[in-house]
Protein chains: 2
Amino acid sequence: MPKRILLIGAGRSATVLISYIIQEAEKFDWFITIGDLNPKLAATKIPPSNRARAVFFDVSDSDLRRKLISENDVVVSMLPAHMHVSVANDCVELGKNMATASYISDEMKQLHESAVAKGITIINELGLDPGIDHLSAMEILDNLRAEGARIDEFESYCGGLIAPESDNNPWGYKFSWAPRNVVLAGQGSAAKYLEKGNFKYLPYQRLFKNSKRIEISNIGNFDGYANRDSLKYQKAYGLENANTIFRGTLRKAGFCEAWNALVMLGMTDDSYKVEVNQNTSLRDFTNSFLPFDNQLSLEEKICRELQIKIDSEIYKKLEWLELFSEKTLIPIKSGSPAEILQAILEKKWLLMPDDKDMIVMWHRFVYELNGRKFEKHSWLRVIGKNSVETAMAQTVGLPLGIGVKLLAQGKIAQKGVLMPLTPEFYTPILDELKNFGIELHEETIELP
Amino acid sequence: MPKRILLIGAGRSATVLISYIIQEAEKFDWFITIGDLNPKLAATKIPPSNRARAVFFDVSDSDLRRKLISENDVVVSMLPAHMHVSVANDCVELGKNMATASYISDEMKQLHESAVAKGITIINELGLDPGIDHLSAMEILDNLRAEGARIDEFESYCGGLIAPESDNNPWGYKFSWAPRNVVLAGQGSAAKYLEKGNFKYLPYQRLFKNSKRIEISNIGNFDGYANRDSLKYQKAYGLENANTIFRGTLRKAGFCEAWNALVMLGMTDDSYKVEVNQNTSLRDFTNSFLPFDNQLSLEEKICRELQIKIDSEIYKKLEWLELFSEKTLIPIKSGSPAEILQAILEKKWLLMPDDKDMIVMWHRFVYELNGRKFEKHSWLRVIGKNSVETAMAQTVGLPLGIGVKLLAQGKIAQKGVLMPLTPEFYTPILDELKNFGIELHEETIELP
């Protein structure tokens, strides 16, 4: 019988996923329904095909939601993460498999037992990060352990960056993903990781200052700053005995020290509204974070407060954002410092139509095997085609699309609320990703 | 008819208040009831008197609460601030006047209209800060405006400090008030103030670094760091046209740069629990906030991270806290960084029985009068007697006690939920405080 697949939420980041699913539908005799609040717009994303249609979908309309889910065999949610659970509840009740690219929330986790009892699979964290990081790290860890290796150290980094050919600003960064998440990154609690057997805590005020320099041969030099909780997957990855576990985010080398300047100024704060008006310039905005001093210019105050020089790279990056400009007005007329900074950055870090983004992932393993010590590096680089078919959309959408295919084909035996940590996920998905030029490379050296 | 006064909450900070109220009870034929969860302990705080008794009181027992309130004429709440409202609700309903030393909460503010309708007074913020700051600033502001002055700048600072004769540690600080509030001071949102016509925002990560040096002649040199919202009282004080409004907290000169070191390390963070065990030394605890580096000692890492020298005052202060000690174990076995730091500080900053604390308050006014420009300073210094009869307990308890007397004597005409901003409060209270050696001094100079 032909499989029916329901894809919910046809936002910008779903483009590659939709193309992939429809292409596979032709091969495997599937029928695809794309549900969106705006079905007309969603329809424009469907390549010519009699195997797909767009329909109206509102996640808060439970009758409609249950009707559509009951008519399909597999459900893919590309909705914002907090909306997955109501869909997942229906999937458990109606016995339908489901897939998302989002982190498993606590509410989602609670559905595990009932999903197992119902015999369905709800696969999550199947995008880029989380997603390809799980697949690629687990394949290597399983192989090393099968050989008898003892894993001592694990580090993993990923970043959504700009390709060198489109890198024409001093920050080496443009937005290929939610700008708000970039501005608020690292806030809320200290970063926690394990280094040489010691728990380490890095507060927001030193997070970007203490980024690590990551040099990846043939790709480039990056800053890696620590993710919130590096120990989150320690048990799931079987790394209980490792003495170093670090997960981080990559930015182009030099980005983090300049971002730290914005953090220290207070421009990333989202907890209060600033007093601004129609005529507030970016210079006024910047000045509101600096003490009054009629002996010094704004530029001199910035250098004194941040202890930087006027010919430093940090200063140049701030200046390029027009933060010292009297002529440039703030782009929104009310908001928190973070909201105003985001609006400023959205103008300066806009991905232009022909710009190519770049995904870089890098794992580092240190292990002992037969009394010898080794260090293995594994890395991925993907360059986007343009500002629509981005490397970000490909690396998030394709693993999810392939996962959906595996579910439709009945190739996933595990039941419950899952992450893709086992060979039944990583072997076929990493294999098929190579067809799209998404392939990890590795090198191993013996340590003295 | 003799007045009956109910005092709720006989904690450590209520000692001076209780003594004052009972002394006045003898003069004015009052009867005092002290309600506390532990009436036996409360009874030990009552000087020999047939005008006072201690009774069991539980704020969550509404029948008991209403019975006790209905039997009295004036109610004083020394409970934790969030518990005042249930008492205030009963006072409004039963038509009883009430007094507290706490900030007016939003819930308390909402009782204003019904308190006015019922013809009762609920006076709040009648302690030290808030309290004596309101009384003393408003007296000066009212007098200046009556002369025809235009107020351009207003700054106000207050600090609970240690008297010079008991100042025997490098921080120049011991706890005379809630330690937790000291450790968490400044967290939550940026400090907001007005300086020379510009709104200024100072994030937590620069709050203590950007403290101002305050030199008060004959008293000493202090650091003043900005309070959360300096503009809170702009309207209430009638300072809508002032171009500078700054409210701050005083610490001994040199304290803030060293506190900033603890902030930057991440030791004041209350948002997560650290991994510690029985044998965790203060050195281990400190090391968990520093990156791994087997080339450097902990001491060298501290200096590098904080950009300080090993012979600096900041380093000496950290060392004196035993933060580099392998022998000193952390004093509590679980908690957030802030909770562990608090436990460390409670040992090191303990007020010894004979120690004397010190309250310093300092106001600065700049104004124009008859075409001439003046700067007026007003200051208060109070030295405590010992670790029980502290300057803090006196300056919090006495204004409240005198306010209660004014209420009992029917001398307060204003009704509703109030702060003490008018002459009917500040004239008699500031006057009587002089009898206890609590007196503001001032000097005025003409500006060029």
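For the structure itself, consult the block above.
J.: Sorry, what's going on with helix H3 (residues 62–70) of chain A here?
T.: In an α-helix, one turn spans 3.6 residues; hence positions three or four apart end up facing the same way. All names here are of chain A. Every buried residue belonging to H3 is among Arg-65, Leu-68 and Ile-69, and all of these are buried. The buried residues of H3 occupy an angular sector of 100° when projected down its axis, which confines them to one face. Next to the buried residues of H3 lie strand E1 (4–8), strand E2 (31–36), strand E3 (52–56), strand E4 (74–77) and helix H4 (84–94). The N-cap residue of H3 is Asp-61: its side-chain oxygen and the backbone nitrogen of Asp-63 are 3.3 Å apart.

J.: Looking at this model, I keep getting lost on empty space enclosed by the protein. Mind explaining?
T.: Where empty space is left can be seen by rolling a probe of water-molecule size over the atoms. Residues and elements named next belong to chain B. If you walk through the whole model with that rule in mind, you get four cavities of 30 Å³ or more. Contributing elements (two or more residues each) for the lining of the largest cavity: strand E7 (150–162) and strand E12 (244–252). No other element matches the three residues that E7 contributes to the lining of the largest cavity. The class makeup of the residues in the lining of the largest cavity is two nonpolar, three polar and three charged.

J.: Teacher, can you tell me more about the packing of aromatic side chains here?
T.: What describes a pair of aromatic rings is the distance from one ring centre to the other and the angle between the planes of the rings. Here the structure, examined in full by the defined rule, presents 50 aromatic pairs over all chains. Taking the centre distance of 5.7 Å and the plane angle of 20° together, the rings of B:Tyr233 and B:Tyr237 count as stacked. Accessibility classification places B:Tyr233 together with B:Tyr237 in one group, the buried group. What links up through ring pairs into an aromatic cluster is the set A:Trp171, A:Tyr173, A:Phe175, A:Tyr204, A:Phe208, A:Tyr225, A:Phe255, A:Trp259 and A:Trp349. Geometry around A:Phe255 places A:Arg251 over its ring, the cationic atom sitting 5.7 Å from the centre. The ring centre of B:Trp320 lies 4.5 Å from the NZ or CZ of B:Lys348, which sits over that ring.

J.: What am I meant to see in unusual backbone geometry here?
T.: Note on backbone geometry: most residues besides glycine have negative phi, and most peptide bonds are trans. For the bond running from A:Asp129 to A:Pro130, omega is 15°, close enough to zero to count as cis. Checked against the element boundaries, A:Pro130 lands in the loop between strand E6 (121–123) and helix H7 (132–147). Even without glycine at this site, B:Asp29 takes up a positive phi of about 60°. One can find B:Asp29 in the loop between helix H1 (15–28) and strand E2 (31–36). The exposure class of B:Asp29 is partly exposed, given its relative accessible area of 36%. Despite not being glycine, B:Asn218 shows a phi value in the positive range, around 70°. Among the secondary structure elements, B:Asn218 is positioned in the loop between strand E10 (212–216) and strand E11 (220–226).

Scoring rules and cut-offs
- Residues numbered from 1 in each chain as written.
- Chains lettered and ligands numbered in written order.
- Predicted model: local features only at pLDDT ≥ 70, side-chain atom pairs only at ≥ 80, totals over all residues.
- Heavy atoms only, no water.
- Buried < 20%, exposed > 50% of the residue type's maximum accessible area, 1.4 Å probe, protein only.
- Helix = DSSP H or I, 4+ residues; strand = E, 2+ residues; numbered from the N terminus.
- Arc of directions from axis to C-beta.
- Contact = heavy atoms within 4.5 Å.
- Polar contact = N/O pair within 3.5 Å; in protein donor to acceptor, adjacent residues only side chain to side chain.
- 1 Å grid on protein atoms, 1.4 Å probe; cavity = no way out; pocket = protein on both sides within 12 Å on 5 of 7 lines; lining within 4 Å.
- Points joined across faces, edges and corners; volume = space filled by probe spheres on them.
- Nonpolar A, V, L, I, M, F, W, Y, C, P; charged D, E, K, R; others polar.
- Phe/Tyr/Trp six-rings, centres within 6.5 Å; stacked < 30°, edge-to-face > 60°.
- Lys NZ or Arg CZ within 6 Å of the ring centre and 35° of its normal.

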